[in-house]
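Observations on chain architecture
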Amino acid sequence: MPNRSISLTRYLVEQQRVNQHIPGQLRLLLEVVARACKRISLCVNKGALGGVLGTASSENVQGEVQKKLDILANEVLIEANEWGGHLAAMASEEMETIHVVPNRYPRGEYLLLFDPLDGSSNIDVNVSIGTIFSVLHMPEGGHNTVQERDFLQPGRQQVAAGYCLYGPQTTLVLTVGDGVAMFTLDREQGSFILTDNNMRIPADTREFAINMSNMRHWQTPMRRYIDECLAGTQGPLGKDYNMRWVASMVADVHRIMTRGGIFMYPWDRRDPAKPGKLRLMYEANPMAWLIEQAGGGATNARQRILDVQPASLHERTSVILGSKNEVERVTAYHLQADTGA
Ligand code: AHG
Ligand code: MN
Ligand code: MN
């Protein structure tokens, strides 16, 4: 049984005493985000009874049809975070432009980015979904008015990142740069309780996650790796692999955080103009930092994700992340192909 006495609040206070990475405004921010996730979790649980399933009659900036829960989760996060004085502005996968904290509230020093509802295609079929978030500091010498360019910082400059998974349990997974902690929502107490204070990803794995239906559109190095996985003990990797694909990045990443594995959403030829499906600032950066903090690796198939300088808020990227040795192998295959080696 876990020690039931360590709540999220206590964890944040005690971490600040030890490492000084969670000053007051950041603690408030993380507690507010956790509270918003608790509200979203309740909506998710109600499902049809709460009238939250189904599609809304709108599209987001990415041209994707929005689900009712995409919009609701976005609103919950905005409302919860506007008034506390800890934020200067927010950015979301579901909003075309940044949301600056209105003048009627004090402005703080942090920027919050989120994918309010990850795994939208799984909402109506009662499969795990989640919320992903990333926290940046306002750039030094901050401006009077917050602008989109203030958000365009590489992922290594994040000061906090996490996700909340709405699955059979609701779990919040968080890093502030001192490893990764997991909290489980205790519905009777109404609070997140620490259930793992040091998540670690094994360097090797026999489990891969990729949408195989896109195989014919991949580049050669991606095909090479998956062909080798499928060849099992008879192939060059010398071991049999298993495959998992939830189609909610948050759930696929949580499995990897828990028992290892490799997750891939590579660039493909379906839409060559797009550098990938997943979004750098709302999905790739927070997940890459969590994975690295747990001992794993995360690249865009060629470069460490956390070193990518974003050019725009809604930028997309290829994502290869998880068990370190496998991520290094896939990345090496791409770099070898580039240099003709
Ligand atoms: P979102 O619901 O925020 O748009 O993200 C969905 C993403 C990600 O969660 C998942 O890994 C991927 O899309 C699923 O894509 P496929 O439809 O190719 O399976
Ligand atoms: Mn998403
Ligand atoms: Mn989403």
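Keep in mind that what you see is a predicted model, and the values were worked out from it rather than measured.

Attention now goes to the sheet that holds strand E6 (residues 129–137). The sheet built from eight strands is open, its strands ordered E4-E3-E5-E6-E7-E8-E9-E10 with mixed pairing. Of all the strands in the sheet, just strand E4 (99–100) and strand E10 (191–196) have a single pairing partner and so form its edges. As defined by bridge partners, strand E9 (residues 180–186) adjoins E10 across five bridges and the pair is classed as antiparallel. The partner of Thr184 across the bridge, within E10, is Ile193.

Asp115 (OD), Asp118 (OD) and Glu283 (OE) make up the full set of protein donors to the manganese ion (ligand 2), lying at 1.8 to 2.1 Å. Between the manganese ion (ligand 2) and the manganese ion (ligand 3) the interatomic distance amounts to 3.7 Å, and Asp115 serves as a bridging ligand to the pair. In this pair, Asp115 sits in strand E5 (residues 110–118) while Glu283 sits in helix H7 (residues 280–293), placing the two residues 168 residues apart along the sequence. On the accessibility criterion, Asp115 (0% relative accessible area) is buried.

All right, on to the sheet that holds strand E13 (residues 262–265) then. Strand order in the open sheet formed by five strands is E12-E11-E13-E17-E15, with mixed pairing between adjacent strands. Lying at the two open borders of the sheet, with one neighbouring strand each, are strand E12 (242–243) and strand E15 (297–299). Where E15 and strand E17 (residues 319–322) come together, three bridges link them in antiparallel fashion. When the sheet's bridge partners are listed, Ala298 is paired in E17 with Leu321. Against the sheet, helix H5 (residues 220–231) contacts strand E11 (207–209), E13 and E17, and its axis sits at roughly 140 degrees relative to E13. The strands touched by helix H6 (residues 249–259) are E11, E13 and E17; relative to E17, the strand with the most contacts, the crossing angle is about 30 degrees.

What follows concerns the nonpolar core. Counting residues in hydrophobic clusters, the biggest one holds 47 residues, and the most contacted among them are Phe151, Tyr163, Met249, Met257, Phe263, Met287 and Leu321. Split by domain, the residues of this core number at least three in each of domain 1 (8–196) and domain 2 (207–339). When residues no more than four places from it in sequence are discounted, the contact partners of Phe263 are Ala209, Trp245, Met249, Asp252, Ile256, Leu278, Val319, Ile320 and Leu321. Among the nonpolar cores identified, the runner-up in size contains 45 residues, and Leu8, Leu26, Ala80 and Met90 belong to it.

With that settled, consider the packing of H6 against H7. Axis separation between H6 and H7 bottoms out at 11 Å; the angle between their running directions is 10 degrees. One element, H6, and the other, H7, form an angle in the roughly parallel class. Contact residues: H6 offers Met249, Val250, Val253, Ile256 and Met257, while H7 offers Glu283, Met287, Leu290 and Ile291. For the contact of H6 with H7, a count of residues per class yields eight nonpolar, no polar and one charged.

The subject of this paragraph is the coordination of the manganese ion (ligand 3). Every protein donor of the manganese ion (ligand 3) is listed here as Glu93 (OE), Asp115 (OD) and Leu117 (O), and their distances to the metal cover 2.2 to 2.3 Å. The motif formed by the donor residues of the manganese ion (ligand 3), counted along the single chain, is E-x21-D-x1-L.

On to the domain arrangement of the protein chain, then. Under the domain assignment, the protein chain is made up of domain 1 (8–196) and domain 2 (207–339). The straight-line distance from the C-alpha centre of domain 1 to that of domain 2 is 24 Å. If you look at the interface, domain 1 gives 49 residues, while domain 2 gives 31 residues. At the junction of domain 1 and domain 2, the tally comes to three salt bridges. Close ionic contact of Glu64 with Arg279 constitutes a salt bridge, the shortest N to O distance being 3.1 Å. Of all the elements in the fold, those that place two or more residues in the side of domain 1 that touches domain 2 are strand E3 (87–92), E5, E6, helix H4 (148–151), strand E7 (160–166), strand E8 (170–175) and E9. In the side of domain 1 that touches domain 2, the residues fall into 25 nonpolar, 16 polar and eight charged.

Any two aromatic rings considered together are summarised by their centre-to-centre distance and by the angle between their planes. A full pass over the atoms with the stated rule returns four aromatic pairs. Between the aromatic rings of Tyr11 and Phe183, the centroid separation amounts to 5.1 Å while the plane-to-plane angle is 75 degrees, which identifies the pairing as edge-to-face. Of this pair, Tyr11 sits in helix H1 (residues 8–19) while Phe183 sits in strand E9, and the two are 172 residues apart along the sequence. An identical accessibility class is assigned to Tyr11 and Phe183; each is buried. Measuring from centroid to centroid gives 5.8 Å for Trp245 and Tyr265, while their planes differ by 55 degrees, and the two rings are tilted. Pair noted here: Trp245 is in the loop between E12 and H6 and Tyr265 is in strand E13, with a separation of 20 residues, a long-range link. Look at Trp245 and you get partly exposed, because its relative accessible area is 25%. Here a set of aromatic residues connected by ring pairs shows up, and it is made of Trp245, Phe263 and Tyr265.

Rules of the game
Residues numbered from 1 in each chain as written. Chains lettered and ligands numbered in written order. Predicted model: local features only at pLDDT ≥ 70, side-chain atom pairs only at ≥ 80, totals over all residues. Heavy atoms only, no water. Pairing = 2+ DSSP bridges. Helix = DSSP H or I, 4+ residues; strand = E, 2+ residues; numbered from the N terminus. Donors = N, O, S within 2.8 Å, 3.2 Å for Na, K, Ca; no water. Buried < 20%, exposed > 50% of the residue type's maximum accessible area, 1.4 Å probe, protein only. Contact = heavy atoms within 4.5 Å. Axes fitted to C-alpha atoms, helices over the stretch in contact; angles between N-to-C directions. Core = buried A, V, L, I, M, F, W, Y, C linked by side-chain atoms within 4.5 Å. Domains from an automatic or database assignment. Parallel < 35°, antiparallel > 145°, perpendicular 65-115°, else oblique. Nonpolar A, V, L, I, M, F, W, Y, C, P; charged D, E, K, R; others polar. Salt bridge = Lys/Arg side-chain N within 4 Å of Asp/Glu carboxyl O. Phe/Tyr/Trp six-rings, centres within 6.5 Å; stacked < 30°, edge-to-face > 60°.

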